[in-house]
Structures are given as C-alpha cells and as structure tokens.
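Descriptive analysis of the structure
As a plain string of letters, each chain reads:
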Amino acid sequence: MAEATISPDTQAPARRVRALTGIQPSGELHLGNYLGAVRNWVTMCHSHEMFTCIVDYHALTSPLEPERLAGQTFEMALAILAAGFDPQEGTLFVQSQIPEVAELTWIFVTLTPMGELERMTQFKDKASRQTSVLAGLFIYPVLQAADILIYQAQAVPVGEDQVQHVELTREIARKFNLAFGETFPEPEAVVPALGGRIRGLDGKAKMSKSLGNTISLLEPPTQAWEKLRTAVTDPARLRRSDPGDPSKCNIFTLHQNFSPQATTQMIDSECRRAGIGCVDCKKLLFTHMDAELAPMRERAAKLRAQPQQVREILEHGAQHARQVARATMAEVREKVGFYRP
Ligand code: ADP
Ligand code: TRP
C-alpha cells in the first residue's frame, strides 16, 4: 500500500498523489498496452498511490461469454503482476467488487450532456461498426469518470486514445462540484512521450486486440520473433539497398522504447544510408525487447503455479479500494441530498 513520503520543504509527511487506471479483461496484454500504459503503472507504483482496476463492468459493452469473464479477469491480473506491478506498493482490484462505482455512474449520467458523449471518438468508432448501438457503449466514458473520481484520483496513466475520456472526467468533476460543492479533483492524463500510440504489426493502425495486429507481452519468444520478423517497416523501403526513413517505421518506434539510446542513434543513421537491413535491425530490437520481456514470462509462470497468490492480491486490493470508494460515496450521498433514515 502507499506510504506517506517526506516532503523535503517541511519534513512533514506528504501523501503521494493518487493515480488510477483501468484495463478491460479482454484477451491478452500486448506491447501497445505495455508501452502506452502498463509500463507507467509499474513505475508509478513507487512514485504515486497507484490504483489499477480491471474493468469488468466496461467489458459488458462488448459481446462476451459469461463463463469466460472471471477467467479472463484473473489472466489480466496475472499479466499485470508479471509485467512488474508491485502489489506491496500499489492496489490491484476488480471493478465489480466495488459496485458503488455503478451508483456514482448513475449520478454522473444525470450531469453529462448527451452532446459530449456523442463527440467521443472511441464511441463513434465502435458504434460505426455495430448495427444496433446499446446505451452501455454510449455511457461507457461516464463509468470511466466514476472509476477515476470515486477514488479521488488526480493522475490517470493511459495511452493517447484515452485522453479524451480523461478530459470528459474533468468536466464531470467540474459540473458535480458546481452543483453540489467542491468534492472531486480534476484529474490529468499521464501519457508516455514515445509510447502513447504504438502501431500494430501492419505498421499502420493502432496496435489493438480487436485488430489482431499485436505481439502479446507473455508470448513465447519464438512466436514473438516470427511476428516481428514479418512486421511492416518503412513501406517505401522495398529493397535492402534502398535507404529507409526511421520516422515512418514502426520498428524504429519500438527501438526508441526498448533499446539503449546509442543503438537507436546508430539505427537512425545506418537506416537512412541503407547501412543496415530491416531483418538485422529487427534482430537487434528483439534482443533488447526480449531482455525486458523474459523476466515477465518467468514471473507469469511462477504466478500460474500459485494462483491463490493472485486471488489474495485481488482480495486485498478490493478491500482497500472499497474503503476509499465508500468514503467518497458517503460524502456524495450527503451532498446530493439523498434521504437518510
Ligand atoms: P485495446 O485497444 O487493445 O483493446 P485497451 O483499450 O484495453 O486496448 O487499452 C488499455 C490501455 O492500453 C489504455 O490505457 C490504452 O490507452 C492503452 N493502449 C491500447 N493500445 C495502445 C497502443 N496501440 N499504443 C499505446 N497505448 C495503447
Ligand atoms: N476505457 C479504458 C480503455 O478502454 C479503460 C478504463 C476504464 C480506464 N476505466 C478507466 C482507464 C479509468 C483509465 C481510468 O482502455
């Protein structure tokens, strides 16, 4: 759990800034999730009071099989822990274990203009691929705002695609505070400078579970290499002798995220003069990438052998999250003016 840190100015104990993030329990954790979000959660465990929530209420907005939901939730928890999330320092929990968040969502829904929700890029994108759009998908960002605000979080570490939802959260906080008195902070998104939007193996679209263009964080290395070997690079570089443009190459972005600066600089200049070919460039990337991923696979194997440990971490996380959520809801209920027997 988060400890108080000592503020250098006053020597008085200062609370760490609280951060909250969420991820759906759908399928695997991929390199885009890791570089855009999870890597920050791992480091922010030590600098912030970090809450990470596996958002199974959100998952209901996509088709799912009830008999698989609990298993996928467990797998996501295991992957986050394997990626290095420290449960001694941060709080890892499952959204539906704290149903108070659904109550806050309802209160927020009554304050949120439909027009704001209609503007949400992720809603427009997902709705355009469906023939019958359900209200749950429409109010999904309000549930996200409730996730963040019920825990009074000030920082929200996410990839670039979630920034719009965090902006909406700020607006909902402002509206609530205006209507009922100062209650919520206005949180800020924390997006990594280089990993905020990782493209998929196709080199074009965002790496995403739904597009099938991913490398999974816990994938066996031979399989991961096979995917990387055939991944699209600078599309204009057709032959080994053609100079490439690293700024147009997704592999270069991955180098910037995984390789030491000296390697990245060497690749940048060698690629531009056709001094290095794409396969050699990828081999170098794979070495650095796998150095970071191999310990994760080991941790995952250990956790898989002790599933009780993962369950205990989630239980402990839920207990802590529940305390915070209940305190917020007591204040909200009073401010909204609900009847109290
Ligand atoms: P997906 O798009 O694969 O379904 P999620 O929506 O579950 O991924 O995203 C979980 C977290 O990972 C979010 O914070 C999101 O912003 C981040 N994220 C997802 N895909 C990428 C990507 N390609 N690049 C950077 N961050 C990403
Ligand atoms: N909407 C986020 C996504 O699709 C997941 C999410 C739910 C979330 N609640 C959150 C992210 C709260 C940050 C904070 O990835």
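An account of the accompanying structure is given in this report. (Residues numbered from 1 in each chain as written. Chains lettered and ligands numbered in written order. Predicted model: local features only at pLDDT ≥ 70, side-chain atom pairs only at ≥ 80, totals over all residues. Heavy atoms only, no water.)

1. Some remarks on the side chain of D290
Among the structural elements, D290 can be located in helix α12 (residues 278-305). A polar atom in the side chain of D290 sits 2.9 Å from the side chain of R297. D290 has contacts with P221, P295 and R297, leaving out every residue within four places of it along the chain. (Helix = DSSP H or I, 4+ residues; strand = E, 2+ residues; numbered from the N terminus. Polar contact = N/O pair within 3.5 Å; in protein donor to acceptor, adjacent residues only side chain to side chain. Contact = heavy atoms within 4.5 Å.)

2. Examining the site of ligand 1
Contacts to ligand 1 come from 18 residues, most closely from H30, G159, D161, I198 and K209. Interatomic distance of 2.4 Å between a side-chain N/O atom of D161 and an oxygen atom of ligand 1. One of the backbone N or O atoms of M207 is found 2.9 Å from a nitrogen atom in ligand 1. If ligand 1 stood free it would expose 530 Å²; the protein chains cover 91% of that surface. The biggest single contributor to the shell around ligand 1 is helix α1 (residues 31-47), with four residues. Classifying every residue of the shell around ligand 1 by side-chain character gives five nonpolar, nine polar and four charged. (Near = heavy atom within 4 Å. Areas by Shrake-Rupley, 256 points an atom, 1.4 Å probe, with all protein chains shown as cover. Nonpolar A, V, L, I, M, F, W, Y, C, P; charged D, E, K, R; others polar.)

3. Examining the pairing of strand β5 (residues 91-94)
Residues T91 and F93 point to one face of β5 and L92 and V94 to the other, with burial holding for every one of them. Two elements, strand β4 (residues 49-54) and β5, share four bridges in a ladder whose sense is parallel. In the sheet register, C53 faces β5, and the bridge partner there is F93. (Buried < 20%, exposed > 50% of the residue type's maximum accessible area, 1.4 Å probe, protein only. Pairing = 2+ DSSP bridges.)

Honestly, it's all geometry; don't read function into it.
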